[in-house]
Amino acid sequence: MPPREERPTDRRRQVIAFIGILASFMVLLSLVSYSPSDQADGEVRAADLWKVVTPDETIAAKAERTQNWLGLLGAIVSNWLINSTIGYAILILPFFGMAWSWIYLRHIGPRRLLTMTNFAIIFALLFSTLNGTIRLISTEPLIAMEWSGAVGDFLAGILTKLIGVAGTIITLLGALVMTLTFALDLDLYKLLEQIKTATKRVVDWFGGKQAERADRREHELRRSSASSVEIKKHQDEPLPQPPPRPMESPPVLNVRPTPPIEPQRTPITPPITASDGEVELEINEQLQEEEINFDDREQVEIDEEIDYVPPSVELLEPARAAEQVDEQELKVNAELLRAKLADFGVAIESVSVTPGPVVTLYELVPATGVKISRIESLEDDIALALKAKGIRIIAPIPAKGTVGVEIPNHNPALVTIRSAINSAKFRESRAALPLALGKTISGEVFVDDLSRLPHLLIAGATGSGKSVGINTILTSMVYRLHPSDVKFVIIDPKKIELSLYGKLSKHYLAVSPDIDEEIVTNANNAVLMLKSVEYEMEKRYDRLAAAGVRSINDYNERVKSGRLHDTPEVKHRKLPYLIVIIDELADLMITAAREVEEPIARLAQLARAVGIHLVLATQRPSVDVITGVIKANFPARIAYQVASKIDSRTILDMNGAEQLLGNGDMLYLPPGSPKPIRIQNAFISTEELERIVQHIARQKGYSQPMQLPSVFEKKRSAGLSGDGDHDELFEEAARIIVRHQQGSVSLLQRRLKVGYSRAARLVDELEAAGIVGPFDGSKAREVLVESEAELEAILKSLR
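Residues numbered from 1 in each chain as written. Predicted model: local features only at pLDDT ≥ 70, side-chain atom pairs only at ≥ 80, totals over all residues. Heavy atoms only, no water.

A few words now on the overall build of the protein chain. Looking only at helices and strands, one finds 28 helices and 15 strands in the protein chain. When contacts within the protein chain are restricted to residue pairs at least 6 apart in sequence, those whose partners lie at least 24 apart make up 69%. Put simply, the protein chain shows about 42500 Å² of open surface, and 57% of that area lies on carbon and sulfur atoms. (Helix = DSSP H or I, 4+ residues; strand = E, 2+ residues; numbered from the N terminus. Contact = heavy atoms within 4.5 Å. Areas by Shrake-Rupley, 256 points an atom, 1.4 Å probe, with all protein chains shown as cover.)

Here it is as structure tokens:
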């Protein structure tokens, strides 16, 4: 790791931050203890303060009379800050001084605090001006000058002369409301709805209280009437007969429990008598609670606000000094290139050079009558003459009448992730899912939008920079997008490449309730995860259809503006983008090709509109891994160095990737482009990635990760909603499977004495009912029901 002498040391940063916090706190004390009686003492010049230590009786007397907690200096400072600026609104100054000092100490990104500071300054100026207007229009001083300050009086005078008193007050009040609305991100429609709901609750509460008082009054009247009847009877009856009083009192006492509202509560929880009914109700409630909990988990995750501070570029290594390409080397290469082509009878009119960080582009203008195919056929001869590896010929360069020859530099430069992320092109990009891939051959930072692609297919041999490229993609989105805007589904069969992102589970990851892995490493779990994402896609399409929109951007815009209203079927909420990243597709295709290819193909074909995008990477770009179905739905491709021309044609449909240099040298083929773009991938080290992950993981995330819908619950709900047309041995087979905890076809054959076909159909029915898991090769199916009591509840619901 390079030294960091150019940055201020931590000790210096701590001292500066401590001084800032201390000074801000002292200013706060002086402002809080400000007294108008100190104003006369506050008019002492700061240059006269040194006279406190001299026998100057005037200064000493003023110092003794001052009431400010910080003495004469505090009186001077508070008097100037309050009366000469914006009045009491200046109290925001010490608070933001301490906040900025703390931000400087902790290396935290200041974007959020900067926004809050701007809103606070605007609000303070408006508040001061409003007080100045009140002072200006009042014949008698309603408020003191300390409420407006000199700045407030000055601005009030200008506005009243410009738009009058009424216009000034209306403008200031409207500006204050707008400032609060933008600062607190208030939704006026939702605020009115909340006020209406709260008002209704208050009215209902008062109505209930009045009804309770009426019941109590009626009860008292009945009790008093009953007492009067008792007294009358007691007077009429002779004294030797007291027993009838206790006999007649029960009817009076029985009247008293009837008025309370116990009978009105009974419909809320209907009594259950049958034990089967209790089990059925319990299971139904449990299933319903699981669905509600799932929706609530998503609702909490999206609607829950967290104080998230994005990572700073200070966490990344500074860009190293770029290796300047020697001009002499460029001239020599150009002359060698011209001479070698001339040896084979290819005349060149001119050569222009575009030096890049790793590769230099030589643009040739062929003479009239020279065929481009002749230049292309001399690729190996040019490489031999220049003693260079990885020469690539672009014939012709799109939109230019030239032929390009890419020649590697002898001293290549390192393209860092910081140089890409900290560039103006990346910061000013309006992409929904920005990708800072690296730098082009001309040294320009290349940024693209994953939502436009809409899916990305990556291939490259081992050590070519493929995993670093995936980390670059993830880091680009983490730096630009809030956790509520994007979620990642990461499948890493190699178990070590992307495991570090598991610490971001409560910030950026989406997980499936069917598996116990946050970063999926098991092939069977990967199948379940992909099917969960596929089910999520279907549910999102239902939401968009209910909202009457065609894309996730329109849907989220309507949710934000409050134009969508919840229904019993659909509760509208913000939908984050969902990025599915598979680091090694070949391993999954070898293990479960059919189960993996089907959800990938469906997602690639349909998921763009609902904000689900795929990034697939493999080190073996063969036709059995990148099948025709997958390849047809991935128009955007990235090819790192591959082993052969066949692999290059598989991923790019053309040669060229076999000539790359490795170490992040790649060809990027965007959708609709006839030729790929050569890019040097931005490099991010493991240490940088760890610092970014630690920075995010230390912050408080959401209460729990985003939960994808359960595939097993989908199958179980499908089974619950079926017509009950099962094999007559279905229930007996289910009991055998659960009792032995083994989802085996041969077990059913032996126990039920049936053939293989019928036993297999029984297992399929059990899978549809959510009792056993999906097919897992030669292994027995997983039994999803743990106890026979739970099984009986399921069978009861299926009848």
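Moving on, we get to the environment of Ile441. Tracing the chain through its elements places Ile441 in the loop between strand S5 (434-440) and strand S6 (445-449). Sequence separation between Ile441 and Thr354 is 87 residues; the distance between their C-alpha atoms is 7.6 Å. Ignoring anything within four residues of it in the chain, the contact list for Ile441 reads Thr354, Pro355, Gly356, Pro357, Val359, Thr360, Leu361, Glu406 and Arg678.

This part takes up the sheet that holds strand S11 (residues 612-618). Here nine strands make up an open sheet; going across it, the order is S6-S5-S14-S13-S12-S7-S11-S10-S8 and the pairing mixed. In the strand order of this sheet, the two ends are held by S6 and strand S8 (486-491), each with one partner. On average, adjacent strands in this sheet sit at an angle of 30° to one another, irrespective of strand direction. In this sheet, S6 lies alongside S5 in antiparallel orientation, the contact comprising five bridges. What sits directly across from Gly438, in S6, is Phe446. (Pairing = 2+ DSSP bridges. Axes fitted to C-alpha atoms, helices over the stretch in contact; angles between N-to-C directions.)

Further remarks concern the packing of aromatic side chains. A full pass over the atoms with the stated rule returns four aromatic pairs. Each ring, one from Tyr308 and one from Tyr508, has its centre 6.1 Å from the other, and the planes form 80°; the classification is edge-to-face. Residue Tyr308 is found in the loop between helix H11 (275-303) and helix H12 (327-343), and its partner Tyr508 is found in the loop between S8 and strand S9 (510-511); the two are separated by 200 residues along the sequence. On the accessibility criterion, Tyr508 (0% relative accessible area) is buried. Aromatic ring contacts, followed pair by pair, group Tyr308, Phe488 and Tyr508 into a single cluster. Lying across the ring of Phe426, Arg480 places its NZ or CZ 5.5 Å from the centre. For Lys539, the ring lying beneath its charged end belongs to Tyr535, and the centroid distance is 5.8 Å. (Phe/Tyr/Trp six-rings, centres within 6.5 Å; stacked < 30°, edge-to-face > 60°. Buried < 20%, exposed > 50% of the residue type's maximum accessible area, 1.4 Å probe, protein only. Lys NZ or Arg CZ within 6 Å of the ring centre and 35° of its normal.)

Following the criterion strictly, the structure yields 25 salt bridges and no others. What you see here is one network of salt bridges that share partners, running through Arg392, Glu406, Asp665 and Arg678. (Salt bridge = Lys/Arg side-chain N within 4 Å of Asp/Glu carboxyl O.)

Judged by pairing direction, the sheet is antiparallel, and its four strands sit side by side in the order S1-S2-S4-S3 without closing on themselves. Because the sheet does not close on itself, it has two edges, and the strands there are strand S1 (348-354) and strand S3 (392-394). Strand-to-strand twist across the sheet, computed as the mean angle between neighbouring axes with direction ignored, equals 25°. With respect to the sheet, H12 is in contact with S1, strand S2 (359-366) and strand S4 (403-408), its orientation differing from that of S2 by roughly 40°.

A word on the packing of helix H26 (residues 745-752) against helix H27 (residues 756-768). Running from N to C, H26 and H27 point in directions that differ by 120°, and their axes come no closer than 9 Å. Taken together, the axes of H26 and H27 lie oblique to each other. The hand of the H26/H27 crossing is right-handed. Between H26 and H27, the contacting residues are Val745, Leu748, Gln749 and Leu752 on the first element and Tyr756, Ala759, Ala760, Leu762 and Val763 on the second. Each residue belonging to the contact of H26 with H27 can be placed in one class, and the counts come to eight nonpolar, one polar and no charged. (Parallel < 35°, antiparallel > 145°, perpendicular 65-115°, else oblique. Left-handed = near helix turned anticlockwise from the far one by under 90°. Nonpolar A, V, L, I, M, F, W, Y, C, P; charged D, E, K, R; others polar.)

This brings us to the packing of helix H18 (residues 523-547) against helix H20 (residues 585-606). The geometry of a pair of packed helices is captured by two quantities: the angle between their axes and the separation between those axes. Between H18 and H20, the least distance of the axes is 10 Å, while the angle of their chain directions is 15°. With respect to their mutual orientation, H18 and H20 come out roughly parallel. For the pair H18 and H20, the sense of crossing is left-handed. Residue-level contacts link Ala523, Ala526, Val527, Leu530, Val533, Glu534, Met537, Glu538 and Tyr541 of H18 to Leu588, Thr591, Ala592, Glu595, Val596, Pro599, Ile600, Arg602, Leu603 and Leu606 of H20.

Buried residues dominate S6, accounting for five of its five residues. Side chains Val445, Val447 and Asp449 project from S6 onto one buried face, and the interleaved Phe446 and Asp448 project onto a second face that is buried too. The hairpin formed by S5 and S6 contains four residues between the paired strands, and Gly443 there has a positive phi angle of roughly 85°.

Further remarks concern the nonpolar core. With 111 residues, the main nonpolar core has Leu456, Phe488 and Ile600 as its most contacted residues. Ranked by residue count, the leading element in this core is H18, at ten residues. Counting 24 residues, the second-largest nonpolar core is a separate cluster that includes Ile736, Ala759, Ala769 and Val783. (Core = buried A, V, L, I, M, F, W, Y, C linked by side-chain atoms within 4.5 Å.)

Moving on to unusual backbone geometry. Cis geometry marks the peptide bond from Ala395 to Pro396, where omega comes out at -10°. A positive phi angle, close to 70°, is found at Lys495, a residue other than glycine. If you check the backbone angles, Asp653 has positive phi at about 65° while not being a glycine.

What follows is about the side chain of Asn68. Tracing the chain through its elements places Asn68 in the loop between helix H3 (57-65) and helix H4 (71-86). Looking at Asn68, its side chain comes within polar contact range of the main-chain nitrogen of Leu70, at 3.0 Å. (Polar contact = N/O pair within 3.5 Å; in protein donor to acceptor, adjacent residues only side chain to side chain.)

Glancing now at the confidence of the model for the protein chain. Model confidence for the protein chain is summarised by a mean pLDDT of 80, while 80% of its residues fall at 70 or above. Long-range and interchain partners of residues 1-8, a stretch whose pLDDT sits below 50, account for twelve contacts in this model, where long-range means more than four residues apart. (pLDDT = per-residue confidence, 0-100.)

Position of Asn409 among the secondary structure elements: in the loop between S4 and helix H15 (417-421). In sequence terms Asn409 and Glu329 are 80 residues apart; their C-alpha atoms lie 8.8 Å from each other. Beyond its immediate sequence surroundings of up to four residues, Asn409 is in contact with Val325, Glu329, Gly356, Pro357, Val358, Val359 and Thr360. At a separation of 2.9 Å, a polar atom in the side chain of Asn409 contacts the main-chain carbonyl oxygen of Gly356.

End to end, helix H1 (residues 10-32) covers 33 Å across 23 residues, agreeing with the expected 33 Å (1.5 Å per residue, within 8%). Tucked inside the fold, the buried residues of H1 contact H4 and helix H5 (92-106). (Expected span 1.5 Å × (residues − 1).)

For H5, built from 15 residues, the straight-helix expectation of 21 Å at 1.5 Å per residue is met to within 8% by its first-to-last C-alpha distance of 21 Å. Looking only at H5, the buried set comprises Pro94, Phe96, Ser101 and Ile103. In this structure, the buried side of H5 is in contact with H1 and helix H6 (111-137). His107 occupies a position one or two residues after H5 and carries a positive phi of about 60°.

Most of strand S14 (residues 677-681) is tucked away: four of the five residues are buried. Bridge count for S5 against S14 is three bridges, and the pairing is antiparallel. Along S14, the bridge assignment pairs Gly438 with Asn681.

Next up on the list: the environment of Ala89. As for its placement among the helices and strands, Ala89 is situated in the loop between H4 and H5. For the pair Ala89 and Ala124, spaced 35 residues apart in the sequence, the C-alpha separation amounts to 5.3 Å. In contact with Ala89, not counting residues within four places along its chain, are Ala124 and Phe127.

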